[in-house]
Each structure stands twice: as structure tokens, then as C-alpha cells.
Amino acid sequence: MPCLSLTYRWSPLRCLLLGLALALPAVQTGCVEDITVPDEAPPTLLAIGQPQTVELRFLRLDVKNYEQVLTQTDLQNEEKFPRSILEDVWVLDYPMTDSVEQVLQQLSELPPSEADKLPVAAQNMRRLLNMTADNVNLEGTKLEKMIGLAGSVGIPPAKVLAALMGVQVSERSIPFALGAEVLLDLVLGSHPNAKFRLGPVTKEHPDGQYPIAARSLPITMWDVVSTSRTSANASALPATTLASSARSKASRSAAPWRCTSGPI
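Note that this is a predicted model, so its numbers are computed, not measured.

Enquirer: In this structure, what is going on with the overall build of the protein chain? I would like to understand it.
Expert: Within the protein chain, the regular secondary structure consists of eleven helices and four strands. Scored against the burial criterion, the 264 residues of the protein chain give a buried share of 21%. Contacts in the protein chain between residues at least 24 apart in sequence constitute 62% of all its contacts with a sequence separation of at least 6. Total accessible area computed for the protein chain in this model is approximately 20,400 Å², and 60% of it derives from carbon and sulfur atoms.

Enquirer: Would you mind showing me how to read the confidence of the model for the protein chain here?
Expert: Caution applies to low-pLDDT regions: their predicted coordinates should not be interpreted in detail. Confidence along the protein chain averages 78 in pLDDT terms, with 74% of residues attaining 70 or more. Mean pLDDT in the protein chain bottoms out at helix H11 (residues 237-251), which sits at 41, and peaks at helix H4 (residues 97-108), which reaches 95. Confidence drops under pLDDT 50 across residues 1-8; counting only partners more than four residues distant or on other chains, this segment forms three contacts. Confidence drops under pLDDT 50 across residues 232-264; counting only partners more than four residues distant or on other chains, this segment forms 46 contacts.

Enquirer: How do you make sense of the packing of aromatic side chains when you look at a structure like this?
Expert: Aromatic ring pairs are reported here in terms of the distance separating the ring centres and the angle at which the planes meet. Counted according to the given criterion, the structure contains zero aromatic pairs. In this structure, Arg197 packs its charged tip against the face of Trp90, placed 4.0 Å from the ring centre.

Enquirer: Just to check I follow, could you spell out a nonpolar patch on the surface for this structure?
Expert: A grouping of Leu178, Val182, Leu186, Val187 and Leu188 is seen on the molecular surface, where their side chains present a nonpolar patch of about 430 Å² in accessible area. Secondary-structure assignment places Val182 in helix H9 (residues 176-187). On the basis of relative accessibility, which here comes to 39%, the residue Val182 falls in the partly exposed class.

Enquirer: What is the right way to read helix H8 (residues 157-165) from this model?
Expert: In an α-helix, one turn spans 3.6 residues, which is why side chains three or four residues apart end up on the same side. Turning to H8, its buried residues number three or more, namely Ala158, Leu161 and Ala162. For H8, the angular spread of buried residues about the axis comes to 100 degrees, placing them on one side. Set apart from the buried face of H8 by more than 90 degrees, the exposed residues are Lys159, Ala163 and Leu164. Among the structural elements, helix H7 (143-152) are those in contact with the buried residues of H8. Just downstream of H8, Gly166 is the residue with a positive phi angle, here 75 degrees.

Enquirer: Would you mind going over the pairing of strand S4 (residues 216-220) with me for this structure?
Expert: Two faces make up the sheet, and in a regular strand the side chains alternate between them. In terms of residue burial, S4 counts as a mostly covered element, since five of its five residues are buried. By the alternation rule, side chains of S4 split into Ser216, Pro218 and Thr220 and Leu217 and Ile219, which are all buried. Summarising the sheet, strand S1 (residues 90-95) and S4 pair through five bridges and their orientation is antiparallel. In the sheet register, Trp90 faces S4, and the bridge partner there is Thr220.

Enquirer: Teacher, can you tell me more about the packing of H4 against helix H6 (residues 120-129) here?
Expert: Each pair of packed helices can be summarised by the angle the axes make with each other and by the distance between the axes. One way to put it is that H4 packs onto H6 with a least axis distance of 9 Å and a crossing angle of 90 degrees. As summarised for this structure, H4 and H6 are arranged roughly perpendicular, according to the angle between their axes. Contacts from Leu104, Leu107 and Ser108 in H4 reach Ala122, Met125, Arg126 and Leu129 in H6.

Enquirer: In this structure, what is going on with the pattern of salt bridges? I would like to understand it.
Expert: Charged atoms that come close allow side chains of opposite charge to pair. For the structure shown, the criterion picks out five salt bridges. Between Glu87 and Arg83 there is a salt bridge; the shortest N-O distance is 2.8 Å. When its relative accessible area of 10% is taken as the criterion, Glu87 is described as buried. Given the relative accessible area of 38%, Arg83 is considered partly exposed. Measuring nitrogen to oxygen at the nearest pair gives 2.8 Å for the salt bridge that ties Arg215 to Asp185. One end of the pair, Arg215, is in the loop between strand S3 (209-211) and S4; the other, Asp185, is in helix H9, and 30 residues separate them in sequence.

Calculation criteria
Residues numbered from 1 in each chain as written. Predicted model: local features only at pLDDT ≥ 70, side-chain atom pairs only at ≥ 80, totals over all residues. Heavy atoms only, no water. Helix = DSSP H or I, 4+ residues; strand = E, 2+ residues; numbered from the N terminus. Buried < 20%, exposed > 50% of the residue type's maximum accessible area, 1.4 Å probe, protein only. Contact = heavy atoms within 4.5 Å. Areas by Shrake-Rupley, 256 points an atom, 1.4 Å probe, with all protein chains shown as cover. pLDDT = per-residue confidence, 0-100. Phe/Tyr/Trp six-rings, centres within 6.5 Å; stacked < 30°, edge-to-face > 60°. Lys NZ or Arg CZ within 6 Å of the ring centre and 35° of its normal. Patch = residues over 30% accessible without salt bridge, like charges linked within 9 Å, V, L, I, M, F, W, Y side chains within 5 Å. Salt bridge = Lys/Arg side-chain N within 4 Å of Asp/Glu carboxyl O. Arc of directions from axis to C-beta. Pairing = 2+ DSSP bridges. Axes fitted to C-alpha atoms, helices over the stretch in contact; angles between N-to-C directions. Parallel < 35°, antiparallel > 145°, perpendicular 65-115°, else oblique.

As C-alpha cells, this is what we get:
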């Protein structure tokens, strides 16, 4: 064999390796089976209403001393926080009684020159707020004849009327607190948007409807941001949000809740 000749000078180890290398392809061809990949089953469409279970996994990251701050300027950036997103972030149900009382008081204290420029409904409300037993006009009412009898026996009609209402003769017949309660319960409170607000769909609220606290207005992040754009006075929040929230909620459809962070 050539491997034993002194001419090539091959060692027995080299001869053994060469023999193994020549025999290896034959061994591999005879021992390894062909690998076949089964065809994937075609996906089937789910029927409408058919439940499906999805397994979600997450990786927990333990981070310490992490802090993320959103400033007022950040929230006012409509490119990062569109109005549709901010309107879906409920903040609180704001009690409106004190705010409506302040509005009624300001209306009653308007000078006549400014009050004459108001709509007729606002002028009538102003007259009711400033009505007393002494200046009330009962003409054409059922009380006209009854109060007239008091004058025939020498009793001032205003004094009788004040006693019937439980107030002093020169005292306002309708307190601001009472007027605010009537407006909130019978006027503003009768609107559907004053009874329920949109929220995330949960097991307890499958329709996404959440009750609003009595005599309150639901405040969203959009109300806060839009108010801060127009006024730095925090006391202007209720009056401003009352109008802006009513307009925005009237134009919004009952779209699905976008927030996926869990129940409120």
C-alpha cells in the first residue's frame, strides 16, 4: 500500500483518518432517515359569539425608584394626547351644588344694564331669584284673591305672604341653595348624560355604563386640560366644564372603551 512506502512517508494514523473520511458518506447515507414536515391544518373561522381563550404572558421587571411625570404642558400636546383619549380618562364626579349656587347668586346681583342684555329665560330666572313677599306680583294667580282678603281686614298682604312662605317680608323667597337643588334635580339631572357615563366594560358593568353621583358632573381629563388652557382660575372649572362637557358628550357616540388598564 502507498501508506507503507518510504516515498510518501505517511504514518499509520494518517492512513486511518483517510479511510474513515472515505467511508463516512456511505455510513451517513445508509443510516439517516429522510425528514418530512407535515402539512399544517388550515385555520378555521370562529363563529360569531364563539368564545376563544387566549393565553397572555408577561415578563415582570422589578424597578425601584422609577418615576414618570406628566406635566400640564404634556397633557396639552394634542399630538401625544388626542382629545378622544383624554375624554376617556374619568377623573371624578364633581359635586355641582355649590357651583350652581354661586352662578345663581351672580345672576341675581347683575346690574339692570347687563341683565337687560340676557336672554328672556335668564331674565325670568333673575326675577325669581330677587322675588320677595313685598315685590311679588300675584296678578292672575290663585293667591291673588286670598292675599286680597288680608288687605280688607287691615293686614298687609306682604306680611301674610311672608308668613305662608316662612320668610321675612324683605327676604328672598327662593334661597340660592333651594334654587340650585331644583335645577340639578329637575333640569340638569333629567338629562341621560347626567345619570350615566361611559366606562370600561367589566363583569359588573357589561354595557360600559357607570352611574354618576347625584347632583354631580363627571369630569374627564379633557375637561381639566381644556379648562387650564383658557383660565388659570380654579374656580372657573365647574362653569366651564358644564358647557364643554355637555357639548362633547352630546356629540360622542357610544364607542367602545379604549382604556385596557382595568376597572376604574
